[in-house]
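Remarks on the overall topology
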There are 2 protein chains.
Amino acid sequence: MRTYLDCYPCFLSQALRTARMITDSEEEILGILSEVCAFLAETRLGATPPEIGRRVYRIVAARTGVDDPFADVKSQCTRAALSFYPKFKRYVRDARDPLRAAVRLAIAGNIIDFGANIEFDLQRDVRDILNQEFSVDDYADFRRALEKAGQVLYLGDNAGETVFDRILIEQLGKPVVFAVRESPVINDAVWEDAEAAGLNGVAEIISSGCTAPGTILNLCSRSFVRRMEKADLIISKGQGNYEGLSEENLPIFFLLKAKCRVIAQDIGIESGGIVLKSARSSSQAKAGGKRRETGRVKLVIR
Amino acid sequence: MRTYLDCYPCFLSQALRTARMITDSEEEILGILSEVCAFLAETRLGATPPEIGRRVYRIVAARTGVDDPFADVKSQCTRAALSFYPKFKRYVRDARDPLRAAVRLAIAGNIIDFGANIEFDLQRDVRDILNQEFSVDDYADFRRALEKAGQVLYLGDNAGETVFDRILIEQLGKPVVFAVRESPVINDAVWEDAEAAGLNGVAEIISSGCTAPGTILNLCSRSFVRRMEKADLIISKGQGNYEGLSEENLPIFFLLKAKCRVIAQDIGIESGGIVLKSARSSSQAKAGGKRRETGRVKLVIR
């Protein structure tokens, strides 16, 4: 997915939010915002949002000297999610279609996203998503692809969400390779976060080589790109991975909650919708419903 | 009121929203955003938001060649508000305290603000405000100051809102001078907008000399500043005027709806609150409750 005009103010908001997690110094935060503004002034729309986001978060890290401002947050999220693990396992076990229940739960875990939000209510938000209709639902295709697949390449997203991923992986019944980011960015899962969620017991953990908050093939390691190209089935979690991979012609299923309006419109759904979308299936025909970038603002006076 | 860090992303959003009202060209809009980013990169926090906003809207005007993108919107708002004029007059006439009803109505008119919003439902929003509790209510002081005042200096805000101002002015029972902006900025009222609302029949219309979306004394004409300094009673409508004048030691009563979180926190109230606030009264003691600019983000995981 390309960067849209609406992403510009959002990058600045993300920088502000992250800077505030690190420092109380208004002067320091202003310095960060100024540098992000100067960077954005030179940025064209060609890149995907995670490519620009990577640079924005690097400015915050460079100016504060804090490489991983979300370290504590990530641990807290993983611990919180683990405390629900037994309950979620029962939910899947008791479901009429346990695979579908696990898919739904994995999407629910996608609420743990500090790029998009700063507050969430894990229990309430998960419960809501478990009762929500899918906005795109390629489950039948997913099930067929899974049956045929020898192995699954699973692209992780956020720390804590990894616990929900583990539940889905335990349900897939296939060998799984779980890919994490190369280094900390926002609250995206790195190796330690995957381990803390217990994923090392159920999957082979690898790094994508990517330092952006998403999977951008030209920023990934060559060995990882080869894995992507040879994969039977790729499960891509979350917005950042979608943003990087939505145009790739690969056997990808995107699992996400569209927390941001721009991504929702890119997919052609309402904001807040939950998605299980094949990169290759008929739901791509929905492209006609995709958002037009500009178009005059509609004035509403009633 | 000073500019807060949260104003930075908002300036960018405002530029984007305004640019979209003028053009469908993504390239042109991106050029505007880039120039606004470059300008913001050099901007310190010392200025008030309307001073920075003035420069932001000038960038949009200069790059598009459109000086008054809200011209049509302003006419539509004035016409829409005038269609409610008889109904609102009855509301005031039938009220137990017609002055208070007119004050409330004037605040309700402050929803017509394209700096803060792009959509509003005039009938519903006005009705809601007419039934809303005040978050700051210096009405007793206001009533006393009005009784003593020889003349009232009334600082207008937005076009369309001017119709609501007219109803309050008709209720004041004192000679009124109504100040408008020197030239178009956002949907702020200029001379023509005041006339279109029928204000020329009930007040002397003057320009403040200010081209910012607010009243910034060092950007106003000298004759206007003298009027401010000599005024018995100043009624200041809306956020922009508050942002410019909140620190001035003058006999001002601020009438506004706090549509933006930053202004609400500066006043020490919840966002969405309605305000009749004396610049000099005891409600200033609330300053202790004012917003701390920084302070770490509170993480909420439940």
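**A few points about the overall build of chain A**
When its secondary structure is counted, chain A shows 12 helices and nine strands. Whereas a compact globule of 302 residues would reach a radius of gyration of roughly 19 Å, chain A reaches 19 Å, a difference of no more than 12%. Seen through its principal axes, chain A has C-alpha atoms that stretch 55 × 45 × 45 Å. Looking at chain A residue by residue over its 302 residues, the buried ones come to 49%. Counting contacts in chain A only where the partners sit at least 6 residues apart, residues at least 24 apart contribute 71% of the total.

**Considerations on the domain arrangement of chain A**
Many authors give the size of an interface as the accessible area that is lost as the parts come together. Residue and element names in this part refer to chain A. Examined at the domain level, chain A breaks down into domain 1 (7-64) and domain 2 (71-289). Computed from C-alpha coordinates alone, the two centres of domain 1 and domain 2 are separated by 25 Å. Counting from both sides, the interface comprises 10 residues of domain 1 and, opposite them, 13 residues of domain 2. At the level of secondary structure, the elements contributing two or more residues to the side of domain 1 that touches domain 2 comprise α1 (7-22) and α3 (49-64).

**Points about the sheet that holds strand β3 (residues 152-155) of chain A**
All names here are of chain A. Spatial strand order, β2-β8-β7-β6-β3-β4-β5: seven strands in an open sheet with mixed pairing. With one partner strand each, in any of the chains shown, β2 (134-137) and β5 (204-207) form the two edges of the open sheet. Recorded for the sheet is a direction-independent mean angle of 20° between the axes of neighbouring strands. Sitting on the sheet, helix α5 (residues 98-108) is in contact with β6 (233-237), β7 (252-257) and β8 (274-278), with an inclination near 55° to β7. Docked against the sheet, helix α7 (residues 139-148) engages β2, β6, β7 and β8, running at close to 50° with respect to β8.

**Quick word on the pairing of strand β7 (residues 252-257) of chain B**
Residues and elements named next belong to chain B. Where burial is concerned, most of β7 is hidden: six out of the six residues are buried. Side chains of β7 alternate between two faces, with I252, F254 and L256 and F253, L255 and K257 buried alike. With four bridges connecting them, strand β6 (residues 233-237) and β7 associate as parallel partners. In the sheet register, I235 faces β7, and the bridge partner there is F253. Of the crossover connections in this fold, the one passing from β6 over helix α12 (residues 238-245) to the parallel β7 is right-handed.

**Observations regarding the sheet that holds strand β2 (residues 134-137) of chain B**
All names here are of chain B. Ordered by their spatial adjacency, seven strands build an open sheet running β2-β8-β7-β6-β3-β4-β5, and the pairing between neighbours is mixed. One side of each edge strand has no neighbouring strand; the edge strands of this open sheet are β2 and β5 (204-207). Ignoring which end each strand starts from, the neighbouring axes of this sheet average 20° apart. In the sheet, β7 pairs with strand β8 (residues 274-278) via five bridges, with the strands oriented antiparallel.

**Points about the packing of helix α1 (residues 7-22) of chain B against helix α2 (residues 26-41) of chain B**
Residue and element names in this part refer to chain B. One can describe the packing of α1 onto α2 by two numbers: an axis separation of 10 Å at closest approach and a directional angle of 155°. Between α1 and α2, the crossing angle belongs to the class labelled roughly antiparallel. The chirality of how α1 crosses α2 is right-handed. Only I29, I32, L33, V36, C37 and L40 of α2 make contact with α1, whose side of the interface consists of Y8, F11, L12, A15, L16, A19 and R20.

**A closer look at the confidence of the model for chain A**
Should the pLDDT be low somewhere, the predicted coordinates at that spot are not to be read in detail. Residues of chain A with pLDDT of at least 70 account for 92%, and the chain-wide mean is 91. Predicted complex, confidence summary: ipTM 0.88, pTM 0.89.

**Re the environment of Q239 of chain A**
Along the chain, the position of Q239 of chain A falls in helix α11 (residues 238-245). It is 23 Å that separates the C-alpha atoms of Q239 of chain A and E204 of chain A, two residues lying 35 residues apart in sequence.

**Focus: unusual backbone geometry**
All names here are of chain A. Even without a glycine there, the phi angle at I186 is positive, about 45°. In this fold, I186 is placed in the loop between β4 (176-180) and α9 (191-196). The buried category is assigned to I186, around which 26 C-beta atoms lie within 10 Å.

**Brief notes about helix α8 (residues 161-172) of chain A**
All names here are of chain A. A rise of 1.5 Å per residue sets the reference length of α8, with its 12 residues, at 16 Å; its end C-alpha atoms lie 17 Å apart and thus fit the reference within 8%. In terms of residue burial, α8 counts as a mostly covered element, since 11 of its 12 residues are buried. Listing the buried residues of α8 in full gives E161, T162, V163, F164, D165, R166, I167, L168, I169, Q171 and L172. Positive backbone phi, approximately 70°, marks G173, located one or two places after α8.

**Some details on the packing of helix α2 (residues 26-41) of chain A against α3 of chain A**
Residue and element names in this part refer to chain A. One can describe the packing of α2 onto α3 by two numbers: an axis separation of 10 Å at closest approach and a directional angle of 145°. Handedness of the α2/α3 crossing: right-handed. Where α2 approaches α3, its residues E28, G31, I32, E35, V36 and F39 are matched on the opposing element by R55, V56, I59, V60, R63 and T64. Taken together, the residues of the contact of α2 with α3 sort by class into six nonpolar, two polar and four charged.

**Comments concerning the environment of S271 of chain A**
For S271 of chain A, the position within the fold is in the loop between α12 (261-267) and β8. Ignoring anything within four residues of it in the chain, the contact list for S271 of chain A reads A258, R261 and A264 of chain A.

**Quick look at the environment of E35 of chain B**
Its place among the elements puts E35 of chain B in helix α2. C-alpha separation for the pair E35 of chain B and Y242 of chain B, spaced 207 residues apart in sequence, amounts to 27 Å.

About the thresholds
Residues numbered from 1 in each chain as written. Chains lettered and ligands numbered in written order. Predicted model: local features only at pLDDT ≥ 70, side-chain atom pairs only at ≥ 80, totals over all residues. Helix = DSSP H or I, 4+ residues; strand = E, 2+ residues; numbered from the N terminus. Rg over C-alpha atoms; globule rule 2.2 N^0.38 Å. Buried ≥ 20, exposed ≤ 12 C-beta atoms within 10 Å, placed from the backbone. Contact = placed C-beta atoms within 7 Å. Domains from an automatic or database assignment. Pairing = 2+ DSSP bridges. Axes fitted to C-alpha atoms, helices over the stretch in contact; angles between N-to-C directions. Right-handed = clockwise from strand over helix to strand, strands pointing away. Parallel < 35°, antiparallel > 145°, perpendicular 65-115°, else oblique. Left-handed = near helix turned anticlockwise from the far one by under 90°. pLDDT = per-residue confidence, 0-100. Expected span 1.5 Å × (residues − 1). Nonpolar A, V, L, I, M, F, W, Y, C, P; charged D, E, K, R; others polar.

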